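This is what each chain is made of:
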Amino acid sequence: MYAPLDCMAVLAASTLFAATAVAQTARDVRGPSPLVAIENEAPARLIVDSPLAEQLARGLVFIQYATENLRVVPVFGKGALDVSPRIGHVHVTVDDAPWHFVDASGETVIVVGLKPGPHKVLFELADPTHRVIDSKTVSFEIPPQPKPVPSPAR
Ligand SMILES: [Cu+2]
């Protein structure tokens, strides 16, 4: 006699559970709004992954990185030091080169053309005046690549 009512209760409870299990706010995914100043912001931190394996096997270096408590944007200069939330960019140095390039996109860094063998890439998280805040080095080895097949002579 009460079976339909019990089924309804079970259905309602399971629906509520399912909705709760997948409920996610925009803040959960994106973090705090970048449009609100942060008092006493925690120190900035740099996270750098190893190169993506599939691309590395083909001799291509794709390195993903992320920052905490710092947004990577192309804004520079002393005045930008007082911006909140904090902003900055990344210096990338390949194999101890005397020069580096700058990434201000926050996207995967791609390096191509390295010879097979051991390599390393230094990531430095910098403030808008280029002062280094944090750094990470990723070491990896590019495997030997198959030689291209020569095209037949004409
Ligand atoms: Cu810089």
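Scroll up for the structure.
The following paragraphs examine the structure supplied in this document. (Residues numbered from 1 in each chain as written. Predicted model: local features only at pLDDT ≥ 70, side-chain atom pairs only at ≥ 80, totals over all residues.)

## So, the overall build of the protein chain
Within the protein chain, the secondary structure is distributed over 3 helices and 9 strands. When burial is assessed residue by residue, the protein chain has 14% of its 154 residues classed as buried. In the protein chain, once contacts between residues fewer than 6 apart in sequence are set aside, the share between residues at least 24 apart is 59%. (Helix = DSSP H or I, 4+ residues; strand = E, 2+ residues; numbered from the N terminus. Buried ≥ 20, exposed ≤ 12 C-beta atoms within 10 Å, placed from the backbone. Contact = placed C-beta atoms within 7 Å.)

## Section: the environment of Ser135
Summarising the element assignment, Ser135 is placed in strand S9 (residues 132-142). For the pair Ser135 and His91, spaced 44 residues apart in the sequence, the C-alpha separation amounts to 9.2 Å. Apart from residues no more than four positions distant in its own chain, Ser135 is found in contact with Leu46, Leu122, Phe123, Glu124 and Leu125.

## Re the environment of Pro146
Residue placement: Pro146 occurs in the segment after S9. Residue Pro146 is classed as exposed on the basis of its 7 C-beta neighbours within 10 Å. Along the chain, Pro146 and Arg58 lie 88 residues apart, while their C-alpha atoms are 9.1 Å from each other.

## Details of the pairing of S9
Direction of pairing for strand S8 (residues 117-126) relative to S9: antiparallel, over a ladder of 10 bridges. Looking across to S9, one finds that Pro118 is bridged to Glu141. Between S8 and S9, which pair antiparallel one after the other, the connecting turn spans 5 residues, and His130 there sits at a positive phi close to 75°. (Pairing = 2+ DSSP bridges.)

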